[in-house]
2 protein chains.
Amino acid sequence: MMRALEAARKAAAAGEVPVGAVIVLSGEIVAVAANATRHPADPTGHAEIRALRAAAEKLGRDRLTDCDLYVTLEPCAMCAGAISHARIARLYYAASDPKGGAVEHGARVFEHAQCFHKPEVYSGMGEAEAAEMLREFFRERR
Amino acid sequence: MMRALEAARKAAAAGEVPVGAVIVLSGEIVAVAANATRHPADPTGHAEIRALRAAAEKLGRDRLTDCDLYVTLEPCAMCAGAISHARIARLYYAASDPKGGAVEHGARVFEHAQCFHKPEVYSGMGEAEAAEMLREFFRERR
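As the structure is a computational prediction, the values presented were derived from the model and not from experiment. (Residues numbered from 1 in each chain as written. Chains lettered and ligands numbered in written order. Predicted model: local features only at pLDDT ≥ 70, side-chain atom pairs only at ≥ 80, totals over all residues. Heavy atoms only, no water.)

J.: Residues and numbers for the overall build of chain A, please.
T.: Within chain A, the secondary structure is distributed over 4 helices and 5 strands. In chain A, the order of α-helices and β-strands from amino to carboxyl end is α-β-β-α-β-α-β-β-α. Against the compact-globule benchmark of 14 Å for 142 residues, chain A has a radius of gyration of 14 Å, which places it among compact chains. With the C-alpha coordinates aligned to their principal axes, the bounding extent of chain A is approximately 40 × 30 × 30 Å. The proportion of buried residues among the 142 residues of chain A is 58%. The contacts in chain A between residues at least 6 apart in sequence include a share of 57% that link residues at least 24 apart. By element, 50% of the accessible surface of chain A is carried by carbon and sulfur atoms, the whole surface being about 6,300 Å². Across chain A, the mean location of the 18 positive side-chain charges is 3 Å away from that of the 19 negative side-chain charges. (Helix = DSSP H or I, 4+ residues; strand = E, 2+ residues; numbered from the N terminus. Rg over C-alpha atoms; globule rule 2.2 N^0.38 Å. Buried < 20%, exposed > 50% of the residue type's maximum accessible area, 1.4 Å probe, protein only. Contact = heavy atoms within 4.5 Å. Areas by Shrake-Rupley, 256 points an atom, 1.4 Å probe, with all protein chains shown as cover. Lys, Arg positive; Asp, Glu negative; His and termini not counted. Charge placed at Lys NZ, Arg CZ, Asp CG, Glu CD.)

Below, the structure is given as structure tokens:
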């Protein structure tokens, strides 16, 4: 999660919403990514999506069955859906997101019969730092 | 939708689940994409995601506010979330998908207070052809 927070800090410095994600396989980091929806322009450029794509490319398979994903913010519906598609084993997220989250809020993507794969979910580690980074980012932009 | 069905046929020929998507801006096609999760390996490689990324890259902006998206199958949670992020104006889909769809089934991504942008949704055009293509694809693989 330290590496995910570090990626989030870099996103903020680049003017992107500070969210970072890391994918781990057997204790080794496979991919690190930060949120990047503006540069390049990509509405799907959330940290989780970018990390999943990078890990799939690196491992040469679209199912990351034995991989864990660490992310600094509760995934949205898009990212939760992608985590299911990738068959991620364990999802760890820092801050929860009542506004845009779709794990414990809103669409609750993993809670439907249609969800063919639900990862184990753990939250809260690194929460204070992740949340403060987001608050500061949006405070500066107001 | 004819172009989306054509892209879906090409996906089937390449061994990928036959789903195609097209993005239209002011009557002009901006992007056409087919499902491609195996080659290259990409768990996020649904037709909608690939079309949204291509359109954003082409137009140089992550918000496709005035664009419409045509897709041959009801979007899943991942794709519905991405459609929201991209601020797609109108979503047209052919076949509905009780198993994996998240527009009129399951997570119903557009129906939550957390959904900050809901496109106008139209369905059914090209449904028979889109559904038959999927049935045939899975029949051959059983």
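J.: Describe the sheet that holds strand β4 (residues 90–95) of chain A, listing the residues and the values that go with them.
T.: Residues and elements named next belong to chain A. Across the sheet, 5 strands lie side by side as β2-β1-β3-β4-β5; this open sheet has mixed pairing. Of all the strands in the sheet, the pair left with one neighbour each is β2 (28–34) and β5 (120–123). Between one strand axis and the next, the sheet turns by 15 degrees as a mean value, whatever way the strands run. With respect to the sheet, helix α2 (residues 47–59) is in contact with β1 (20–25), β2 and β3 (67–73), its orientation differing from that of β2 by roughly 140 degrees. (Pairing = 2+ DSSP bridges. Axes fitted to C-alpha atoms, helices over the stretch in contact; angles between N-to-C directions.)

J.: Any chance you could break down the nonpolar core for me, citing the residues and the numbers?
T.: Counting residues in hydrophobic clusters, the biggest one holds 98 residues, and the most contacted among them are Ile 23 of chain A together with Ile 23 of chain B. Apart from residues no more than four positions distant in its own chain, Ile 23 of chain A is found in contact with Glu 28, Ile 29, Val 30, Ala 31, Ala 51, Leu 52, Ala 55, Leu 64, Cys 67, Asp 68 and Leu 69 of chain A. (Core = buried A, V, L, I, M, F, W, Y, C linked by side-chain atoms within 4.5 Å.)

J.: Now, about the state of the cysteines: what can you tell me, with residues and values included?
T.: For the coordinates displayed, the defined rule picks out 0 disulfides over all chains. There is no disulfide at Cys 115 of chain A, and the cysteine sulfur nearest it, in Cys 76 of chain B, is 11 Å away. (Disulfide = S-S within 2.5 Å.)

J.: Got a sec to walk through the relation of the copies chain A and chain B? Specific residues and values, please.
T.: Rotating chain A by 180 degrees and moving it 0.0 Å along the rotation axis overlays it on chain B with an RMSD of 0.0 Å. Seen this way, the second copy is the image of the first under a two-fold rotation axis. Closest approach to the rotation axis among the C-alpha atoms of chain A is made by Met 78 of chain A, whose C-alpha sits 1.8 Å away. Taken together, the interface assignments show that 100% of the residues at the interface of chain A recur at the interface of chain B, consistent with an identical surface on both copies. (Least-squares fit on C-alpha atoms with pLDDT ≥ 70 in both.)

J.: Residue-level account of the side chain of His 117 of chain A, with values.
T.: Residue and element names in this part refer to chain A. Structurally, His 117 is set in the loop between β4 and β5. A distance of 2.6 Å separates the side chain of His 117 from the backbone oxygen of Ile 88, its partner in a polar contact. Those residues in contact with His 117, other than ones at most four positions away along the chain, are Ile 83, Ser 84, Arg 87, Ile 88, Ala 89 and Phe 110. (Polar contact = N/O pair within 3.5 Å; in protein donor to acceptor, adjacent residues only side chain to side chain.)

J.: I'd love a proper account of the interface of chain A and chain B, names of residues and values included.
T.: Contacts between the two partners involve 32 residues from chain A and, on the opposite side, 32 residues from chain B. Buried surface at the junction of chain A and chain B, summed over both partners, amounts to about 2,400 Å²; 62% is from carbon and sulfur atoms. Together, Pro 43, Arg 53 and Gln 114 of chain A form the three largest contributors to the area buried by chain A at its contact with chain B, with a combined 26%. Summed over the shared surface of chain A and chain B, the result is 4 salt bridges. Taking the shortest distance from any N to any O, the salt bridge between Asp 42 of chain A and Arg 53 of chain B comes out at 3.1 Å. In this structure, the connection of chain A to chain B is made through 6 residue pairs in polar contact (both at pLDDT 80 or more). (Buried area = accessible area lost by both parts, 1.4 Å probe. Salt bridge = Lys/Arg side-chain N within 4 Å of Asp/Glu carboxyl O.)

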